[in-house]
Amino acid sequence: MAKLRVHSMIHYLGVDGGGTSTNFKLYNEEGKLVESISLPSIHFMKVNKDEMIKILTQANEHFKSKNYTPSNFKIVMGLGGYGANQEIRTVIEYAVYKVFPQAKLMNDAQLALVSALSNKNGIFLISGTGSIALRQENGILTRCGGYGYLLGDEGSAFWIGKKILERFIKESDDRLPKTNLTPAVMEYFKISNPHELIQIIADKKDIYRELLAQLSGAMHAIDSIRDIYENAGMELALLANSFNPTENTPLAFGGSVLLKNEVVRSAVLKSLNSNLVFLESQNDPEYAAFLINQTEIAPE
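It should be emphasised that the depicted structure is a prediction, and the values quoted were computed from it without experimental measurement. (Residues numbered from 1 in each chain as written. Predicted model: local features only at pLDDT ≥ 70, side-chain atom pairs only at ≥ 80, totals over all residues. Heavy atoms only, no water.)

A.B. asks: An account of the overall build of the protein is requested, with residue identities and associated values reported.
C.D. replies: A count of helical and extended segments in the protein gives eleven helices and ten strands. Taking 300 residues into account, the globule formula puts the C-alpha radius of gyration at 19 Å, and the protein, at 21 Å, falls close to it. For the C-alpha atoms alone, the extent of the protein along its principal axes is close to 75 × 45 × 40 Å. Residues counted as buried form 47% of the 300 residues belonging to the protein. Of the contacts formed within the protein by residues at least 6 apart in sequence, a portion of 65% connects residues at least 24 apart. Only carbon and sulfur atoms are counted for the fraction: they give 51% of the accessible area of the protein, which is about 15500 Å². (Helix = DSSP H or I, 4+ residues; strand = E, 2+ residues; numbered from the N terminus. Rg over C-alpha atoms; globule rule 2.2 N^0.38 Å. Buried < 20%, exposed > 50% of the residue type's maximum accessible area, 1.4 Å probe, protein only. Contact = heavy atoms within 4.5 Å. Areas by Shrake-Rupley, 256 points an atom, 1.4 Å probe, with all protein chains shown as cover.)

A.B. asks: Tell me about the sheet that holds strand 5 (residues 104-107), and name the residues and values.
C.D. replies: Pairing within the open sheet is mixed, and its five strands lie in the order 3-2-1-4-5. The strands lining the two open edges of the sheet, one partner per strand, are strand 3 (33-40) and strand 5. Neighbour to neighbour, the strand axes of the sheet diverge by 15° on average, direction disregarded. Relative to strand 2 (residues 21-28), strand 1 (residues 11-17) is paired through seven bridges, and the arrangement is antiparallel. (Pairing = 2+ DSSP bridges. Axes fitted to C-alpha atoms, helices over the stretch in contact; angles between N-to-C directions.)

A.B. asks: Break down helix 7 (residues 208-218) for me, with residues and values.
C.D. replies: For helix 7, the full list of buried residues reads L211, L212, A213, L215 and S216. Contact partners of the buried residues in helix 7: helix 4 (157-172), helix 5 (181-189), helix 6 (196-203) and helix 8 (226-241).

A.B. asks: I'd love a proper account of the packing of helix 4 against helix 5, names of residues and values included.
C.D. replies: Close contact between helix 4 and helix 5 brings their axes to 9 Å; oriented N to C, the two are set at 115°. As far as their axial angle goes, helix 5 and helix 4 are roughly perpendicular. Helix 5 is crossed by helix 4, and the crossing has left-handed handedness. Packed against helix 4, whose contacting residues are I164, L165, R167, F168 and E171, the element helix 5 presents L181, T182, V185, M186 and F189 at the interface. Tallied by class, residues from the contact of helix 4 with helix 5 come to seven nonpolar, one polar and two charged. (Parallel < 35°, antiparallel > 145°, perpendicular 65-115°, else oblique. Left-handed = near helix turned anticlockwise from the far one by under 90°. Nonpolar A, V, L, I, M, F, W, Y, C, P; charged D, E, K, R; others polar.)

A.B. asks: Tell me about the packing of aromatic side chains, and name the residues and values.
C.D. replies: What the rule picks out here adds up to ten aromatic pairs. With a centroid separation of 5.3 Å and an interplanar angle of 75°, the aromatic rings of Y27 and Y287 are classed as edge-to-face. One end of the pair, Y27, is in strand 2; the other, Y287, is in the loop between strand 10 (276-278) and helix 11 (288-292), and 260 residues separate them in sequence. Y287 carries the same exposure label as Y27, and that label is buried. A centroid spacing of 5.5 Å and a plane angle of 75° characterise the contact between F158 and Y208, whose relative ring orientation is edge-to-face. Residue F158 is located in helix 4, and its partner Y208 is located in helix 7; the two are separated by 50 residues in the primary sequence. Judged by relative accessible area, which is 2%, F158 ranks as buried. Between K49 and the ring centre of Y94, over which it is positioned, the NZ or CZ distance is 4.8 Å. (Phe/Tyr/Trp six-rings, centres within 6.5 Å; stacked < 30°, edge-to-face > 60°. Lys NZ or Arg CZ within 6 Å of the ring centre and 35° of its normal.)

A.B. asks: Break down the side chain of H43 for me, citing the residues and quoting the values.
C.D. replies: Within the fold, H43 resides in the loop between strand 3 and helix 1 (49-65). Relative accessible area serves as the criterion here: at 15%, H43 is assigned to the buried category. Every residue in contact with H43, bar those within four places of it in the chain, is listed here: G18, G19, M52, G80 and G81.

A.B. asks: Any chance you could break down the pairing of strand 5 for me, citing the residues and the numbers?
C.D. replies: Sheet faces and side chains relate simply in a regular strand, where the side chains alternate between the two faces. As judged from the four bridges shared by strand 4 (residues 74-79) and strand 5, these two strands associate in the parallel manner. Looking at the pairing, G78 lines up with M106 of strand 5. Note that the unit made of strand 4, helix 2 (residues 86-99) and strand 5 has a crossover that is right-handed. (Right-handed = clockwise from strand over helix to strand, strands pointing away.)

A.B. asks: Please set out the nonpolar core residue by residue, giving values where relevant.
C.D. replies: Ranked by size, the top nonpolar core spans 41 residues in total, and within it L125, I160, I164, F189, M219, V264 and V268 carry the most contacts. Core analysis: the next-biggest nonpolar cluster, separate from the first, contains 28 residues, M52, L79, I92 and A103 among them. (Core = buried A, V, L, I, M, F, W, Y, C linked by side-chain atoms within 4.5 Å.)

A.B. asks: Tell me about the sheet that holds strand 6 (residues 122-127), and name the residues and values.
C.D. replies: Strands belonging to one sheet form pairs held by backbone hydrogen bonds; the direction of such a pair is parallel or antiparallel. Ordered by their spatial adjacency, five strands build an open sheet running 8-7-6-9-10, and the pairing between neighbours is mixed. Across the chains shown, the open sheet's two edge strands, defined by having one partner strand only, are strand 8 (140-145) and strand 10. Direction aside, neighbouring strands of the sheet carry axes that sit 25° apart on average. In this sheet, strand 7 (residues 131-137) lies alongside strand 6 in antiparallel orientation, the contact comprising six bridges. The partner of I126 across the bridge, within strand 7, is I132. The sheet strands contacting helix 3 (residues 108-116) are strand 6, strand 7, strand 8 and strand 9 (249-254), and the helix crosses strand 7 at an angle near 55°. The strands touched by helix 10 (residues 262-271) within the sheet are strand 6, strand 9 and strand 10, with strand 9 carrying the most contacts at an inclination of about 165°.

This is the structure:
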């Protein structure tokens, strides 16, 4: 019987753990993707620590089944919710270290920054469901925004969705002239009376952020609300400009709004500080695991 081939070279495992899924990507010593698996989210707000361990163990067993040795991996994980709150950090660390004790942990936004900027100095602007700007300067990470939807998240998909509903409500009350937005929102929510929206939002309060974020994507082609998307771009530019960048500071984008919405993206680029130089990212967030182990600048 032929022996199973065991992969003996150095491998780097990058893990991007957001609110939707947890993506594991394995790179060899040349930075080439050799194996990957996508599993359910291990976000602390969605699963408890036992479920986190179960999902991480599933990933561990997957790589073993492919004749890799996970205990020898150099691992970097970017996990949603892993930030300043020590209580949350402790829960996440307990679960991760049960399965991958050698892992380096950081927030998923920082993981994306490292990858997008090839682990060099610069600014990373993110607009997905929420929004934040991060700057890496010689290994020191600073931030602007990221206060969450109750306080900020300006320019995010949620923020856009909320502005759309505010506009819809005013049109419905004749506080503003009706446009093609009114029938579009009515159709989207399958309602015949604007006031039905009150109960829909109340019933979906647990997914309120996601609901409004999805609305922002669905309404992007409506010409009467183009200004909302343009204003989102200007708000996002303010986040990046707040760092008072020096000449030729690299800037990269992350998040579905900036990567997919051309109106928002164009408005950001028009409003940026002239010292910022836009850099199109060529790497997946998980690639940060390879970069961090290859370059001098390491995460804080």
